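The chain contents come next:
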Amino acid sequence: MLRGPSSLVGASVAPAAALAVALLSSLSRCDLLESEQPVVSVLSPYFGTKTRYEDANPGLPDAEVLRRGAERLEDACTPVQLVALIRHGTRYPTAKQIAKLRHLHRLLQSRAPALGGSGADDDGRDLGAVLARRPLWYADWMDGQLVEKGRQDMRQLALRMASRFPALFSRENYGRLRLITSSKHRCVDSGDAFLQGLWQHHHPGLPAPDVADMECGPPRINDKLMRFFDHCEKFLTEVEKNTTALYHVEAFKNGPEMQKILNKVAATLQVPVNNLNADLIQVAFFTCSFDLAIKGVKSPWCDVFDVDDAKVLEYLNDLKQYWKRGYGYTINSRSSCTLFQDIFQHMDKAVAEKQRSQPVSSPVILQFGHAETLLPLLSLMGYFKDKEPLTAYNYKEQTHRKFRSGHIVPYASNLMFVLYHCENAKTPKEEFQVQMLLNEKVLPLAYSQETVCLYEDLKTHYKDILQDCHTSEECASPKMNTTSDEL
Ligand SMILES: *[C@@H]1O[C@H](CO)[C@@H](O)[C@H](O)[C@H]1NC(C)=O
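Below: a short report on this structure. For every chain, the first residue of its written sequence is number 1, and the numbers climb from 1 along that sequence. Local features in a predicted model are, by the rule used here, given only for residues with pLDDT of at least 70; side-chain atom pairs are given and counted only at 80 or more, and totals for whole chains, interfaces and linings are based on all residues. Excluding hydrogens and water, the side-chain values take into account all heavy atoms of the structure.

1. With respect to the overall build of the chain
Only runs of H or I of at least four residues qualify as helices and only runs of E of at least two qualify as strands under DSSP, and these elements are numbered from the N terminus. Within the chain, the regular secondary structure consists of 21 helices and 8 strands. Whether two residues touch is decided by their heavy atoms; if any such pair falls within 4.5 Å, the residues are in contact. Within the chain, residue pairs in contact and separated by at least 24 positions form 78% of the contacts whose partners lie at least 6 positions apart. With an accessible surface of roughly 23100 Å², the chain has 53% of that area assigned to carbon and sulfur atoms. Here the open area of atoms and residues is found with the Shrake-Rupley method and a 1.4 Å probe, where only the protein chains shown may cover a residue.

Encoded structure:
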């Protein structure tokens, strides 16, 4: 506890000395506190896909609490299979982001010296000078790789999942775990770190072996499944490589909300506003988020922005996700239907095995991918859909939007399908039930708000996607001869 100034009054030492001693000791206590508790910023809720998992999900129960209340729907229902889609943990900025940051940094270093004290912030600091002097610690080799905090994200997620579903993650099932991953380093490494977390769960205190030596083997790469967006020709032509597809993102970058921030930042940093643009502003904002997530420090980059700026920059990030990965274009979500079908094929197989009284051959399937993997799938299922599209012109009206990527896909975000088998079911149909969890919280069905449903009903609801969505057709580019690749 920090002592208030009033307790100093009665101190027997000379007041000034007492104050100095008290200040010093309270300072060191603060340092101590900060190393134990995560450093937060008022901007943290607005980092979008660069949000730390714990900031998006405050008050996560620890593994011990989960162990005591291990998941059961009702007494008669037990989980028999878990299919989990997991976004990689905290990562470094990409080489592209680092290049932009370097550009901004050079701009600050080459600016004219601040005139007559203007440009000083509320504390009288010249923020531009502070930032120009501060060395950039990002290097090209980092290029989007998983950081140590990201490994920790995965190990802790593994521990919580194993505690929540002890039977599924039992020692006996260890050899039957199936891990599938995107080819990106950060995803492969996330799978490895997850396995190390599971090892800790079963062998506390013992160092984990190399994943290659683990019973289940290392994660297997499958980009067709985890990076379906790279393999969908129609998506690539109509959205990814189409310069006009992200019209609203570009329009918002040049709109009044961004212009206001540009002017403000130019004044704060004492650089000509013409040398700045929305991309550089965004990279400064991301640097605040990276410094916080990777190093656990609140860097001076955070001081460039206030909460209102952060909300605008969050919207810019969400706009991009909306038009590229969400409801903006139908192909964004349709391109994920192979992944959706794959999840149901796993559950179908488990149901068939249970019906034949056989053990479930793959009780746990873990798939490591990206925010770009999860968002289209959630959109395909109808989640986080706003009545009005997100556009460059309705920032104010979208203040309370559902489509907020920081809440949906922070680092280490996860979507779990839990298949339950119920012993005392009255009808065969009631024997199998499904519950979904998003970021470890129950995700009610998009169409009924129920927290659990019969497996058959879920399949009926999504039968269009399960039966009629074939990526070979969905992803065929209109300009291409659609029959040629079928032959
Ligand atoms: C690019 O996007 C625009 C806007 O959605 C669309 O009208 C146009 O057809 C797209 N171009 C291609 C080549 O698909």
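2. Thoughts on helix α14 (residues 307–324)
Helices are assigned an expected span. That span is 1.5 Å times one less than the residue count. With 18 residues, α14 extends 26 Å between its outermost C-alpha atoms, agreeing within 8% with the 26 Å of an ideal straight helix rising 1.5 Å per residue. The buried fraction of α14 is high, at 14 of 18 residues. Taking the backbone nitrogen of D308 as reference, a side-chain oxygen 3.1 Å away marks D306 as the first, capping residue of α14. Type-normalised accessible area, obtained with a 1.4 Å probe on protein chains alone, sets the label of each residue: buried when under 20%, exposed when over 50%, and partly exposed for intermediate values. Counted as a polar contact is a pair of N or O atoms within 3.5 Å, where, for protein atoms, one must be capable of donating a hydrogen and the other of accepting one, and residues adjacent in sequence contribute only when both atoms are in side chains.

3. Describing the packing of aromatic side chains
Between the rings of Phe, Tyr and Trp (Trp by its six-membered ring), a pair exists once the centres lie within 6.5 Å; its type follows the angle of the planes, with under 30 degrees stacked, over 60 edge-to-face, and the other angles tilted. Counting across every chain of the model gives 21 aromatic pairs. Aromatic side chains F344 and Y455 sit 6.1 Å apart centroid to centroid with 15° between the ring planes, which places their arrangement in the stacked category. Pair noted here: F344 is in helix α16 (residues 337–355) and Y455 is in helix α19 (residues 455–461), with a separation of 111 residues, a long-range link. Here the two residues F344 and Y455 agree in accessibility, since each one is buried. In textbook terms, an aromatic cluster arises when at least three aromatic residues are bridged by ring pairs, as seen for F340, F344, F417, Y447, Y455 and Y462. Between the NZ or CZ atom of K50 and the centre of the ring of F286, over which it lies, the distance is 4.1 Å. A cation over a ring is seen here: R325 above F229, with NZ or CZ 4.9 Å from the ring centre. Geometrically, a charge over a ring is one whose NZ (Lys) or CZ (Arg) sits within 6 Å of the ring centre while staying within 35 degrees of the ring normal.

4. Structural notes on the pairing of strand β4 (residues 364–369)
For β4, the tally of buried residues reaches 6 of 6 residues, placing the bulk of the element in the interior. Covered by surrounding structure in β4 are V364, L366 and F368 together with I365, Q367 and G369, the residues of both alternating faces. DSSP-based pairing: two strands are paired if at least 2 bridges between them are found. One ladder, built from 6 bridges, connects strand β1 (residues 77–87) with β4; its direction is parallel. Across the sheet, residue A84 finds its bridge partner in β4, namely L366.

5. Observations regarding the state of the cysteines
By definition, a disulfide links two cysteine residues through a covalent bond between their sulfur atoms. By disulfide we mean two sulfur atoms from cysteines, separated by a distance within 2.5 Å. For the structure shown, the criterion picks out 4 disulfides. Between the sulfur atoms of C232 and its disulfide partner C475 the distance amounts to 2.0 Å. Taking the sign of the torsion about the S-S bond as the criterion, the disulfide between C232 and C475, at about -100°, is left-handed. One end of the pair, C232, is in the loop between α9 (223–226) and α10 (233–240); the other, C475, is in the segment after α21 (471–474), and 243 residues separate them in sequence. C232 sits in the buried class, given a relative accessible area of 1%. Bridging C337 to C469, the disulfide has an S-S length of 1.8 Å. The sign of the -70° torsion about the S-S bond sets the C337-C469 disulfide as left-handed. Placement of C337 in helix α16 and of C469 in the loop between α20 (463–468) and α21 is noted, with a sequence separation of 132 residues between them. Taken individually, C337 and C469 each receive the classification buried, so the pair is uniform in this respect. Ordering the disulfide-forming cysteines of the chain by sequence position, one finds them joined as 1-6, 2-8, 3-4, 5-7.

6. Considering the site of the ligand
The environment of the ligand is made up of T237, E238, N242, T244, A245 and Y329. T244 has a polar side-chain atom sitting 3.5 Å from an oxygen atom of the ligand. Between an oxygen atom of the ligand and a side-chain N or O atom of Y329, the distance comes to 3.1 Å. In isolation the ligand offers 360 Å² of accessible surface; the protein chains occlude 47% of this area. Split by residue class, the shell around the ligand holds 2 nonpolar, 3 polar and 1 charged. Proximity criterion: a residue is near a molecule or strand once any of its heavy atoms comes within 4 Å of it. Classes in brief: Ala, Val, Leu, Ile, Met, Phe, Trp, Tyr, Cys and Pro nonpolar; Asp, Glu, Lys and Arg charged; the others, Gly included, polar.

7. Concerning unusual backbone geometry
With a phi close to 55°, Q270 is a non-glycine residue in the positive phi region. Inspection of the secondary structure puts Q270 in the loop between α12 (256–269) and α13 (278–295). In this model, A412 sits at a positive phi of 65°, which is unusual for a non-glycine residue. By relative accessible area, A412 is classed as buried at 2%.

8. Examining the pairing of strand β2 (residues 178–181)
Bridge analysis of β2 against β4 gives 4 bridges, and the strand direction is parallel. Pairing of L179 across the sheet is with L366, part of β4. Pairing between β2 and strand β3 (residues 220–221): 2 bridges, direction parallel. The residue of β3 that forms the bridge with T181 is I221. Here the term right-handed applies to a crossover when the path leading from its first strand over the helix to its second strand runs clockwise, the strands being oriented away from the viewer. Read as a crossover between parallel neighbours, the route from β2 over helix α8 (residues 185–202) to β3 is right-handed.

9. A word on the environment of L195
Relative to the helices and strands, L195 resides in helix α8. Residue L195 is classed as buried on the basis of its relative accessible area, which comes to 0%. Separated by 13 residues in sequence, L195 and A208 place their C-alpha atoms 8.7 Å apart. Those residues in contact with L195 that sit more than four places away from it in its chain are Y174, L177, L179, V211, M214, C216, G217 and P219.

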